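Listed below are the residues making up each chain.
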Amino acid sequence: MQPKSRNIIAFLQSKGWTLAETTAKYFLLQPPPYIQFEEPFHFRIPRSEAGKDTPEYLLRLAFKIAEMYELDKFDLLALLSKNKGELRHEIEAQQRNLEMKQSYYSAVAMAS
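Note that the structure is a prediction, hence the values are computed from the model and not measured. (Residues numbered from 1 in each chain as written. Predicted model: local features only at pLDDT ≥ 70, side-chain atom pairs only at ≥ 80, totals over all residues. Heavy atoms only, no water.)

Right, let's talk about the packing of helix α1 (residues 5–14) against helix α3 (residues 73–80) for a bit. At a minimum axis separation of 9 Å, α1 and α3 run at an interaxial angle of 115 degrees. Residues Asn7, Ile8 and Phe11 of α1 form the contact with α3, whose participating residues are Leu76, Leu79 and Leu80. Partitioning the contact of α1 with α3 into residue classes produces 5 nonpolar, 1 polar and no charged. (Axes fitted to C-alpha atoms, helices over the stretch in contact; angles between N-to-C directions. Helix = DSSP H or I, 4+ residues; strand = E, 2+ residues; numbered from the N terminus. Contact = heavy atoms within 4.5 Å. Nonpolar A, V, L, I, M, F, W, Y, C, P; charged D, E, K, R; others polar.)

Here you go:
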């Protein structure tokens, strides 16, 4: 499994991280206000995944993020490694499941 830069960015942005700067090689994301570091801190996300050391760098980055958010590193790695189509399919399946549960609980509530 290989994490993808765009998935790492999307995950961090969902947690409140913002794009601070874009350089020739990296997107720099800064933490949300509720995460404090003693010194200024950014995650550097490679703009290109073609670099020789990029796969290892992204893997280590995924593990650091998992540690920071106290997530299972292999679960996060699996999520960050999915392509856009896989993520869309998974989200749509979860939405259908949620809708089915809501319909069920509504029917149970009406029957009571």
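As enumerated under the stated definition, the model contains 7 aromatic pairs in all. Arranged with centres 6.2 Å apart and planes meeting at 70 degrees, the rings of Trp17 and Phe41 form a pair that is edge-to-face. Of this pair, Trp17 sits in the loop between α1 and β1 (18–22) while Phe41 sits in the loop between β2 (26–30) and β3 (43–46), and the two are 24 residues apart along the sequence. Given a relative accessible area of 28%, Phe41 falls into the partly exposed group. (Phe/Tyr/Trp six-rings, centres within 6.5 Å; stacked < 30°, edge-to-face > 60°. Buried < 20%, exposed > 50% of the residue type's maximum accessible area, 1.4 Å probe, protein only.)

This part covers helix α2 (residues 54–68). The end-to-end C-alpha separation of α2 is 21 Å, in line with the 21 Å expected for 15 residues at 1.5 Å each. Residues Thr54, Leu58, Leu61, Ala62, Ile65 and Ala66 constitute the buried set of α2. Taken around the axis of α2, the buried residues stretch over an arc of 140 degrees, which confines them to a single face. Seen from the open side of α2, the exposed residues pointing more than 90 degrees away from its buried face are Arg60, Lys64 and Glu67. (Expected span 1.5 Å × (residues − 1). Arc of directions from axis to C-beta.)

When β1 meets β2, the two strands line up antiparallel, connected through 4 bridges. Bridging across to β2, Glu21 finds its partner in Leu28. Connecting the antiparallel pair β1 and β2 is a turn made up of 3 residues. (Pairing = 2+ DSSP bridges.)

Another aspect to go through is α1. Within α1, the full set of buried residues consists of Ser5, Asn7, Ile8, Ile9, Phe11 and Leu12. Following α1 by one or two positions, Gly16 has its phi on the positive side, about 100 degrees.

Right, let's talk about the side chain of Lys4 for a bit. You can see Lys4 is positioned in the segment before α1. Lacking a salt bridge, the buried Lys4 has Glu49 as its closest oppositely charged neighbour, with an N-O distance of 5.6 Å. Engagement of the side chain of Lys4 in a polar contact is seen with the backbone oxygen of Ser81, the distance being 3.3 Å. Look past the residues within four positions of Lys4 in its chain and what remains in contact with it is Glu49, Leu80, Ser81, Lys82 and Asn83. (Lys, Arg positive; Asp, Glu negative; His and termini not counted. Salt bridge = Lys/Arg side-chain N within 4 Å of Asp/Glu carboxyl O. Polar contact = N/O pair within 3.5 Å; in protein donor to acceptor, adjacent residues only side chain to side chain.)

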